[in-house]
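Working through the structure, step by step
Given next are the chains, with one letter for each unit.
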Amino acid sequence: MTKKRKVTFPHFGDYCVPIEYLMRQGLDMDYVTPPPMSKRTLELGSKYSPDYVCAPFKIHLGCYIEAIEKGADTLLQTGGVCRLGFYGELHEQILRDLGYQVDFINLAMANYSKPYTFYREFKKINPDLSLPKVSGALLTTIRMVESMDAADDYIRRNIGFEQEEGAFDRLRADFLNSLALVESQKELRYLAGNYMKRFKAIPVLKPKRPLRVGVVGEYYSVMDPFSNHYIEREMAKMGAVVARWMNISNSLFHYPKKEIQARIRGYARYNMGATSMATIERALRFAKKGYDGIIHIKSFGCTPETDAMPVLQNISADYKIPILYFSFDSQTADAGIQTRLEAFYDMMTMRKGAAATG
Amino acid sequence: MNKAYLGIDIGSISTKGVIIDGQNRILASEYLWTEGNPVQAVKKLLLSLRGKFDPASYAVTAVGATGSARRLIGVITRATEVKNEITAHAVGTTTLYPEVRTIFEIGGQDSKIILVENGVVVDYAMNTLCAAGTGSFLASQSRRLGVAVEDFGRIALTSQNPTPIAARCTVFAESDLVHKAQIGHSREDIIAGLCKAVVTNYLNNVGKGKKIVGPIVFQGGVSKNVGVTKAFEAATGLPVIVDPNGHLTGAFGVAVIVGRKGAERPFDFGLAEMEFVTKGTNCDGCANHCEIIRVYQNGELLDAWGNKCEKGVSRTR
């Protein structure tokens, strides 16, 4: 029996909670949660990354280093359908050059259409792995992610109208803490249902026709609030319903690839990779549903999302819906972001006011 | 006694102030350099404005602040409105030109485009991480050429054959400019080429994907450069309006907003003689080390900001 592995995965919103569950319950490894992301994470990551690589790469590298400092000895990286597919190898190389003695589980080596190959990758690190145990834990992990995504969807739409400042944030923190203690799928089901009821019981005061903003964009930057300077929250707090489809549940577990391609045929016929098609499809849907505005989020230099932008401009012109574009690198100043968000909010308010009276 | 509203626009390069009456008429205005010290600039601004209007018939009943230092100056002047500069510019321009459809705005550090339909802003865009094609770029190139930036426009108009200059990026533009000067292009052709490069850069970046419809109003400090205005007219094929008070639009706009909202708060020009100190510290609460700014008036804490969580809030010291 070898010593228990201490595995880590970079922060990604709050998905560290289900990932920890999978590692502990399914793979029988210890999990090291990286310290909360901070300027130091960004500085460390940027210092050792190629300058022109996208921000998620830098953030991941910073998280790895901080997790190694906390005792992690095995690093997990996923595969992906853009440059992300090469990240694991490059991270491993950089960390080795820096002298860190760690193991890497690089899921880019696995084949997404053959789930068994994932098992093979993990087995390299833990030969005692049990397939039934992994499968059972994986199922619970998926359910956990779904329950988090459902809660967050509700929160985004309502937090801007909470009567008691901080009510949603407090309950959400509570929810995540409870999820971290879950041991079975049955327990999870009860917990998720119970918390959802409590989220819905938080008093909100919504106007009859509130401003509605749809958020689209690149996988990591759109789902990770630290990376996008908590933009959804800032927007919601000004008094808006914020909607976002892109999350792990929708993109990994229930991705309607064929429907998406069909729905956007008039705007894009060839897949431009990664999240670009989902971005276009959701933007179109928000436009058709009469949303007041769309926010597009990407990391600086993200090619698939850069390719999606001209299409978004066409949608914006056809449906007369304003789109605000953000491109994030490792900058930390919030002032420029705040200015643009405020102006966007003012503009949507004035447009809505003019539409109502005119 | 009639009500008057003070609008202050504190940009990175210049500080603007306007006092208007209830009919949006300008009673007094001032324009000066920020010189990296917004508090000092606003004090100077207030001293100057105080002498420019008739205190026997008008009293300032509310203040509005806009521009990149709006938060700081809003606290110091006890502003009733602290508004982002995009909204302030849009309101200012649509008040003066209700028919306007497109607003070009090029300032010292940033540039934006605002699209208007029936007096309502329907879309806008702002330059992103880079200051290419803005006023500070023109200012630095003017020093290189040994010409006052204020003379740029006049000189540009004398050119028959503007030198093509790479417009995409400031660094490329600068090396292109040096190269063109060394191979013998005349100074007026280079200056005209620079004005054209600013316009090309603007239309390709900020104006990308936007449908430009007249009437067009061009404002911000760079609108004082007639060479750039002419280049805009050539590129769009439309007449471009430059208001003589175009550099004051942000301050004017925020004053109009203050007047419309109607909230009042006593204002005293004596602020200009008070002592304001700002202190920046790094919070040690966690690894994020938020930069917290505290503003003191005569030694007393007025406000503090910059922390990302509750831990960092300290309004006591």
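Residues numbered from 1 in each chain as written. Chains lettered and ligands numbered in written order. Predicted model: local features only at pLDDT ≥ 70, side-chain atom pairs only at ≥ 80, totals over all residues. Heavy atoms only, no water.

1. Brief notes about the overall build of chain A
Looking only at helices and strands, chain A features 15 helices and eight strands. Taking 21 Å as the expected radius of gyration for a compact globule of 358 residues, we find that chain A reaches 21 Å, a close match to that expectation. Taking the principal axes of its C-alpha atoms as reference, chain A extends roughly 75 × 45 × 40 Å. Residues classed as buried in chain A amount to 55% of the 358 residues present. Restricting to contacts in chain A with at least 6 residues of sequence separation, those with at least 24 account for 73%. Looking at charge distribution, chain A has the averaged site of its 48 positive side-chain charges lying 7 Å from that of its 40 negative ones. (Helix = DSSP H or I, 4+ residues; strand = E, 2+ residues; numbered from the N terminus. Rg over C-alpha atoms; globule rule 2.2 N^0.38 Å. Buried < 20%, exposed > 50% of the residue type's maximum accessible area, 1.4 Å probe, protein only. Contact = heavy atoms within 4.5 Å. Lys, Arg positive; Asp, Glu negative; His and termini not counted. Charge placed at Lys NZ, Arg CZ, Asp CG, Glu CD.)

2. With respect to the sheet that holds strand β13 (residues 300-305) of chain B
All names here are of chain B. Across the sheet, three strands lie side by side as β11-β12-β13; this open sheet has antiparallel pairing. Pairing within the sheet leaves two strands with one partner each, and these edge strands are β11 (276-282) and β13. Strand after strand, the sheet turns through a mean of 25 degrees between neighbouring axes, direction not considered. Across seven bridges, the pairing between β11 and strand β12 (residues 291-297) is antiparallel. Within the sheet, the bridge partner assigned to Thr281 lies in β12 and is Ile292. (Pairing = 2+ DSSP bridges. Axes fitted to C-alpha atoms, helices over the stretch in contact; angles between N-to-C directions.)

3. What about the pairing of strand β6 (residues 102-106) of chain B?
Residues and elements named next belong to chain B. Burial analysis of β6 places five of its five residues in the buried class, the great majority of the element. Along β6, one buried face is formed by Thr102, Phe104 and Ile106 and the opposite face, lined by Ile103 and Glu105, is buried too. Pairing between β6 and strand β7 (residues 111-117): five bridges, direction antiparallel. Counterpart to Phe104 in the pairing with β7 is Ile113. Taking the residues that link successive antiparallel strands as the turn, the β6-β7 hairpin has four residues.

4. Some details on the domain arrangement of chain B
Under the domain assignment, chain B is made up of domain 1 (2-89 + 251-273), domain 2 (98-242) and domain 3 (276-312). Here the C-alpha centroids of domain 2 of chain B and domain 3 of chain B sit 38 Å apart. (Domains from an automatic or database assignment.)

5. Overview of the nonpolar core
Ranked by internal contacts, the top residues of the largest apolar core, which has 105 residues, are Met23, Leu179, Phe199 and Ile295 of chain A. Looking at which element gives the most residues to this core, the answer is helix α6 (residues 131-158) of chain A, with eight residues. Residues within four places of Phe199 of chain A in sequence aside, it is in contact with Ala151, Tyr154, Ile155, Phe168, Leu171, Arg172 and Phe175 of chain A. Residues Ala125, Val147, Val198 and Val228 of chain B belong to the second largest nonpolar core, which totals 34 residues. (Core = buried A, V, L, I, M, F, W, Y, C linked by side-chain atoms within 4.5 Å.)

6. Comments concerning the packing of helix α7 (residues 187-205) of chain B against helix α8 (residues 226-236) of chain B
All names here are of chain B. Relative orientation of the contacting elements α7 and α8 amounts to 50 degrees, with a least axis distance of 8 Å. Taken together, the axis directions place α7 and α8 in an arrangement best described as oblique. Crossing angle aside, the handedness with which α7 passes α8 is right-handed. Judged by residue contacts, Cys195, Lys196, Val198, Val199, Tyr202 and Leu203 of α7 engage Gly227, Val228, Ala231, Phe232 and Ala235 from α8. (Parallel < 35°, antiparallel > 145°, perpendicular 65-115°, else oblique. Left-handed = near helix turned anticlockwise from the far one by under 90°.)

7. Details of the sheet that holds strand β7 (residues 293-299) of chain A
Residues and elements named next belong to chain A. In space, the four strands of this open sheet follow the order β6-β5-β7-β8, with parallel pairing throughout. At either margin of the open sheet sits one strand with a lone partner, and together these are β6 (240-244) and β8 (323-328). Within this sheet the neighbouring strands show an average axis-to-axis angle of 25 degrees, counted without direction. Pairing geometry for strand β5 (residues 211-217) and β7, over five bridges, is parallel.

8. What about the domain arrangement of chain A?
Residues and elements named next belong to chain A. Here the domain parsing of chain A yields domain 1 (6-129), domain 2 (143-206) and domain 3 (207-358). Each of domain 1 and domain 2 has a C-alpha centre, and these two points are 27 Å apart. Across the contact, six residues belong to domain 1 and 11 residues belong to domain 2. Roughly 710 Å² is buried in total at the junction of domain 1 and domain 2, and carbon and sulfur atoms are behind 68% of that figure. Between domain 1 and domain 2 we count one salt bridge in total. Its salt-bridge partner being Arg172, residue Asp14 comes within 2.8 Å of it at the nearest N-O pair. Along the contact surface separating domain 1 from domain 2 lie two residue pairs in polar contact (both at pLDDT 80 or more). The class makeup of the residues in the side of domain 1 that touches domain 2 is four nonpolar, one polar and one charged. (Buried area = accessible area lost by both parts, 1.4 Å probe. Salt bridge = Lys/Arg side-chain N within 4 Å of Asp/Glu carboxyl O. Polar contact = N/O pair within 3.5 Å; in protein donor to acceptor, adjacent residues only side chain to side chain. Nonpolar A, V, L, I, M, F, W, Y, C, P; charged D, E, K, R; others polar.)

9. Side note on the interface of chain A and chain B
The interface of chain A with chain B comprises 23 residues on the first partner and 24 residues on the second. Buried area between chain A and chain B, summed over both chains or domains, comes out near 2,000 Å², and the portion from carbon and sulfur atoms is 50%. A per-residue breakdown of the area chain A buries against chain B is headed by Lys39, Thr339 and Arg340 of chain A, which together make up 26% of the total. Where chain A packs against chain B, one counts three salt bridges. We note a salt bridge from Glu342 of chain A to Arg70 of chain B, for which the minimum N-O separation is 3.6 Å. Applying the counting criterion to the chain A and chain B interface returns seven residue pairs in polar contact (both at pLDDT 80 or more). Elements with a minimum of two residues in the side of chain A that touches chain B: α2 (39-48), α14 (303-319), β8 and α15 (335-357) of chain A. Top element by residues in the side of chain A that touches chain B is α15 of chain A. It accounts for 10 residues. Among the residues making up the side of chain A that touches chain B, the classes are represented as 10 nonpolar, five polar and eight charged.

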